[in-house]
Amino acid sequence: MRGMNHPEPIAKKNGADVSVNVQETFRYLWPYLWAFKGRVILAMLALIAAKLATLLMPWALKHVIDSVDPSIRPEVYLPVAFLIFYGLLRFGSVFLGEIRDALFGRVTERAMRNIGLRVFKHLHSLDLAFHLDRATGGISRDIERGTNGISFLMRFLMFNIVPTLVEILSVAIIFAVAFSYWYAVITLAAVAIYIAFTIITTEWRNRFVREANQADSSTNTRAIDSLLNYETVKYFNNEQYEADTYDKFLASWETAKLKNRMSLLTLNSGQAFIIAGAMTVMMIMAANSVIAKEMTIGDLAMINAYMIQLFIPLNFLGFVYREIRRSLTDIENMLALLKRPAQILDVPAAQPLKVTNGNIIWREVDFSYNPDRQILHKLNLTIDAGTKVAIVGSSGAGKSTLARLLYRFYDINSGSIDIDGQNIQHVTQDSLRRAIAIVPQDTVLFNSSIRENIAYGNPHASDADIDRAIKMAHLETFITSLPQGDQTLVGERGLKVSGGEKQRIAIARVLLKNSPILIFDEATSALDSHSEAAIVDAMREVAAGRTTLVIAHRLSTIVDADKIIVLENGSVVEEGNHNQLLELHGRYAQMWAMQLQEE
Ligand SMILES: Nc1ncnc2c1ncn2[C@@H]1O[C@H](COP(=O)(O)OP(=O)(O)O)[C@@H](O)[C@H]1O
Ligand SMILES: [Mg+2]
């Protein structure tokens, strides 16, 4: 099992070990192909028919030429049948190819859809730790590349590599049967040399291709980063500096491109040389045979046409070879994502959590995010059903961690957390999370309208419910002041609404979720005292009759709590109600005095 704190980079550094997993990749992809048996078989038939048409074309051409050659037949005639046949073959080979693509497109696209969805679901099943460690941009790139890789691999393996090999063999057999085995030997030798040369040169060239791609993407990244920091650039008058840096990237891109082009020149000219060499030798042999009357001019044209046809698909071999390797790596990266086990799992016999009152008990809880730094130490905590319990303590004491543990985003190292007598590790995660609603410390919104963001609390909520939630969360005045009302878009991550507005949207969401247990994590920290009063009101209305955990920054908001817990370095140092704690003259009394002074 991979340690959750030491995430391995999923992308392998190079493709050197690709072959190890190729089988696994194919085993994985096979069912997706086979799900469309009929289509796959039809596509194969279309492919075979197209190849047959292609193979017949030079033969038809030979007959056309021989029919108009006066040295063979004194009274030449127009070979109408062969001419029409030739035309039909030409059309057929292209048309059947299109039919094949149309048939098979559905198969690859369905596979891309199914696999993409599977990865997406899997990503949501992975733990928070994984998501905090990984850049979201990187993951989505992995998925995109992986699904594209699937499409490429399926199409090119089935319709390029395999049929081309079959075609080569057929041509060699035709040559051997119709003329002499020497033509077959030369063809096969030329193809073998060609393939070997292409693979070796492509391997050598990979470095330059990669350099060029890297230069391309780092130039882009640099430009975007610079533009994103537009304001900062202006604040420091660094336009020239930015331009210079950008130009340095552009310059390295230019050199990388140059090297890339030179290596491509080597590849293409080498390939052309091999083809030209083989064709010249065969043409010399054929021309000699024509002079010796062992062959017709039609035969010569046929040999030439076969060779030209044969090397057309081989022309792409370098590209196809490189892309297939890349596709395999990309697919493997994506499959590696899929194979990554979720760290937080339901136990085999997990039952849904049954909340009767909402009584929460923490016993001797030890917890650490990283093995080398313990966050909670033997924490004991009782939250009685239906009461409001406040947690206070300095920043970094572990308050938000408590909320994450209750949601079971992480498993505790030892001890237990029970809700109504059921250990949260023994119930289903889905039922557990359904029972708790939270206004998180940092509310992140979807880039959609305010109303949609609120409705996210319960996608099945009626319009009336949503309106009531808006009212209860004290959002009405704000929304009516907006020209577009609740249809106003909130911008990426909700950056276009203020902190307080965001928190009230979060409260409205929580109202719609309607869970028996509520958590407010510093729901008023970003607010001035006027807005704070509005939110505290909203919170009070929402919390009535439910078990509520309030993580508080400003003590004035929790004076009325049934119990206040003071958390220091991951343990409870004091607990009691406001008055009891003041009489203790301890940590809480100190904090209270300090906050009074500030105000
Ligand atoms: N995902 C994480 N990985 C490692 N350490 C973390 C992680 N999240 C929080 N911490 C650390 O745990 C401690 C408690 O964090 P938190 O519960 O968020 O504090 P607060 O009491 O301010 O809400 C902090 O020192 C913080 O740096
Ligand atoms: Mg916090």
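Residues numbered from 1 in each chain as written. Chains lettered and ligands numbered in written order. Predicted model: local features only at pLDDT ≥ 70, side-chain atom pairs only at ≥ 80, totals over all residues.

Q: Now, about the overall build of the protein: what can you tell me, with residues and values included?
A: If you tally the helices and strands in the protein, you get 19 helices and 10 strands. What you see for the protein is a C-alpha radius of gyration of 36 Å, clearly larger than the 25 Å of a compact globule of 599 residues, by over 25%. For the protein, the C-alpha atoms occupy an extent of roughly 125 × 60 × 50 Å along the three principal directions. By the burial criterion, 29% of the 599 residues in the protein qualify as buried. A separation of at least 24 residues holds for 77% of the contacts in the protein among residues at least 6 apart in sequence. (Helix = DSSP H or I, 4+ residues; strand = E, 2+ residues; numbered from the N terminus. Rg over C-alpha atoms; globule rule 2.2 N^0.38 Å. Buried ≥ 20, exposed ≤ 12 C-beta atoms within 10 Å, placed from the backbone. Contact = placed C-beta atoms within 7 Å.)

Q: Before we move on, can you summarise the packing of helix α8 (residues 239–291) against helix α9 (residues 297–315) with the specific residues and values?
A: Taken N-terminus to C-terminus, the directions of α8 and α9 make an angle of 170°; their axes are 9 Å apart at the nearest point. Classified by the interaxial angle, the pair formed by α8 and α9 is roughly antiparallel. The handedness of the crossing between α8 and α9 is right-handed. Contact with α8, carried on its side by I275, M279, M282, M283, A286, A287 and V290, involves I297, D299, L300, I303, N304, M307 and F311 of α9 and no other residues of that element. (Axes fitted to C-alpha atoms, helices over the stretch in contact; angles between N-to-C directions. Parallel < 35°, antiparallel > 145°, perpendicular 65-115°, else oblique. Left-handed = near helix turned anticlockwise from the far one by under 90°.)

Q: Residues and numbers for the sheet that holds strand β2 (residues 373–383), please.
A: Strand pairing within a sheet occurs via backbone hydrogen bonds; the two strands may be parallel or antiparallel. Strand order in the open sheet formed by four strands is β2-β1-β4-β5, and the pairing between neighbours is antiparallel. Lying at the two open borders of the sheet, with one neighbouring strand each, are β2 and β5 (422–423). Summarising the sheet, strand β1 (residues 360–370) and β2 pair through seven bridges and their orientation is antiparallel. The residue of β2 that forms the bridge with S368 is Q374. (Pairing = 2+ DSSP bridges.)

Q: How would you explain the packing of helix α3 (residues 80–125) against helix α10 (residues 317–339) if you had to name every residue and give the values?
A: At a minimum axis separation of 9 Å, α3 and α10 run at an interaxial angle of 40°. The orientation of α3 relative to α10 falls into the category oblique. In this structure, the crossing between α3 and α10 has a hand that is left-handed. Facing R118, V119 and H122 of α3, the residues of α10 in contact are M334, L337 and L338.

Q: I'd like a rundown of the environment of A342, residues and numbers included.
A: Residue position: A342 is located in the loop between α10 and β1. The partly exposed category is assigned to A342, around which 13 C-beta atoms lie within 10 Å. Those residues within four positions of A342 in sequence are excluded, and the remaining contacts are S125, L126 and D127.

Q: Quick one: what's the story with the domain arrangement of the protein, residue by residue and with numbers?
A: Here the protein is partitioned into domain 1 (1–167 + 322–343), domain 2 (180–294) and domain 3 (360–598). Just the C-alpha atoms count here: the centres of domain 2 and domain 3 sit 58 Å apart. (Domains from an automatic or database assignment.)

Q: Tell me about the site of ligand 1, and please be specific about residues and values.
A: L132, Y369, N370, I375, S395, G396, A397, G398, K399, S400 and T401 make up every residue found near ligand 1. In terms of residue count, the dominant contributor to the shell around ligand 1 is helix α11 (residues 399–406) (three residues). Looking at side-chain class alone, the shell around ligand 1 contains four nonpolar, six polar and one charged residues. (Near = placed C-beta within 6 Å. Nonpolar A, V, L, I, M, F, W, Y, C, P; charged D, E, K, R; others polar.)

Q: Help me get a handle on the pairing of strand β3 (residues 388–392), residues and values and all.
A: Taken across its five residues, β3 has five buried, putting it largely inside the fold. On β3, burial covers both faces: K388, A390 and V392 on one face and V389 and I391 on the other are all buried. Of the pairings in the sheet, the one linking β3 to strand β8 (residues 547–551) comprises four bridges and is parallel in character. Along β8, the bridge assignment pairs V389 with L549. Relative to strand β9 (residues 563–568), β3 runs parallel, the two being bridged by four bridges. Note that in β9 the partner of V389 across the bridge is K563.

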